[in-house]
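The chain contents come next:
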Amino acid sequence: MKKRIVLVAVLLLSIIAVAQEKNDGYRFSMAVDLGVQNFLGRSGISMIDYNQNDFSSMRYNCLLGFNNSKRFFALELSLSSIEAKYDNTLRESISIYGLGLLSENKLPVQEKLFINYTIGAGLLASSECIRYNSLDLDSFHRLGAYIKFGIGLGFDVNNLTIGAKEEIVEGYLQSKDLPSQIKLYQTPENRIIFSSITSLFLKIRL
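Just so it is clear, the model here is predicted, and its values are computed rather than measured.

Quick look at the nonpolar core now. Core analysis: the largest hydrophobic core is formed by 24 residues, its most contacted members being Ile45, Ile130, Leu178 and Ile182. Those elements that provide at least two residues to this core are β3 (71–87), β4 (90–108), β5 (113–132), β7 (140–157), β8 (160–173) and β9 (192–205). Apart from the residues within four sequence positions on either side, Ile45 is in contact with Phe39, Phe55, Ile82, Ile94, Ile96, Glu128, Arg142 and Ile193. By size, the runner-up hydrophobic cluster in this structure holds five residues, among which are Leu63, Phe72, Ala74 and Leu102.

Let us look at empty space enclosed by the protein. For the structure shown, the criterion picks out two cavities of 30 Å³ or more. Space inside the largest cavity adds up to approximately 140 Å³. Along its surface, the largest cavity is lined by 15 residues, and Gln37, Arg59, Ser78, Leu124 and Val169 are the ones closest to its centre. Every element with two or more residues in the lining of the largest cavity is listed here: β1 (27–40), β3, β4, β7 and β9. Of the residues contributing to the lining of the largest cavity, the split by class is eight nonpolar, five polar and two charged. What the second largest cavity holds in volume is close to 50 Å³.

On to the packing of aromatic side chains, then. Following the criterion strictly, the structure yields five aromatic pairs and no others. Centre to centre, the rings of Phe28 and Phe66 are 5.8 Å apart; their planes meet at 75°, and the pair counts as edge-to-face. Placement of the pair is Phe28 in strand β1 and Phe66 in strand β2 (residues 55–67), with a sequence separation of 38 residues. Overall, the relative accessible area of 35% leaves Phe28 in the partly exposed class. Between Tyr86 and Tyr185, the ring centres sit 4.9 Å apart and the planes meet at 75°, which makes this aromatic pair edge-to-face. Taken together, the residues Tyr86 in strand β3 and Tyr185 in the loop between β8 and β9 connect sequence positions 99 residues apart. For Tyr86, a relative accessible area of 25% corresponds to the partly exposed category. What makes Tyr185 buried here is its relative accessible area of 12%. One aromatic cluster is present, built from ring pairs that chain together Tyr50, Phe55, Tyr86, Tyr132 and Tyr185. A cation over an aromatic ring shows up here: Lys106 above the ring of Phe114, its NZ or CZ 4.3 Å from the ring centre. The side chain of Lys203 reaches across the aromatic face of Phe72, ending 4.1 Å from its centre.

Rules used in this analysis
Residues numbered from 1 in each chain as written. Predicted model: local features only at pLDDT ≥ 70, side-chain atom pairs only at ≥ 80, totals over all residues. Heavy atoms only, no water. Core = buried A, V, L, I, M, F, W, Y, C linked by side-chain atoms within 4.5 Å. Buried < 20%, exposed > 50% of the residue type's maximum accessible area, 1.4 Å probe, protein only. Helix = DSSP H or I, 4+ residues; strand = E, 2+ residues; numbered from the N terminus. Contact = heavy atoms within 4.5 Å. 1 Å grid on protein atoms, 1.4 Å probe; cavity = no way out; pocket = protein on both sides within 12 Å on 5 of 7 lines; lining within 4 Å. Points joined across faces, edges and corners; volume = space filled by probe spheres on them. Nonpolar A, V, L, I, M, F, W, Y, C, P; charged D, E, K, R; others polar. Phe/Tyr/Trp six-rings, centres within 6.5 Å; stacked < 30°, edge-to-face > 60°. Lys NZ or Arg CZ within 6 Å of the ring centre and 35° of its normal.

Following this line, the structure appears as structure tokens:
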């Protein structure tokens, strides 16, 4: 919990720094990320007690905000979709949505090459659709929150930036009871989500 509070505090300080920045070179920017998200350690992405310790998913991310030569502050929208299978009778489609704020800082390496580091925090929501035998059970939804830290390498080309980054995300989703038909598959209390994300990004300055 202390680590989460510290990261959120750092994010808020970055927001204040952006608001107080005297440089008038901020421009509206948008970015897209495409990568692979690995959920680790019997992650709490589902209330079903699966027989595996990790899941992988494609992750899509869109960022809208403002940046100058040093900072990028944005609203972040993300989606991860997981297909999970317990056995031939039980399977699940899980969608995880994120809505948050992100602060990015650039450290120049060469004239156009840079290293960036990011911090972010926001809300999570999940939708879980379960199929048991030939029966589609009512989908259910959970809410939560996340924090994350990332580091990347980028290259500026005129009004475009391209690069790759690695992020670590920690979050949680609220607990809910499974439908009565599959109650025996309920996982022990586990709401924590821990994952790593490897992605490519493209940013456009307008």
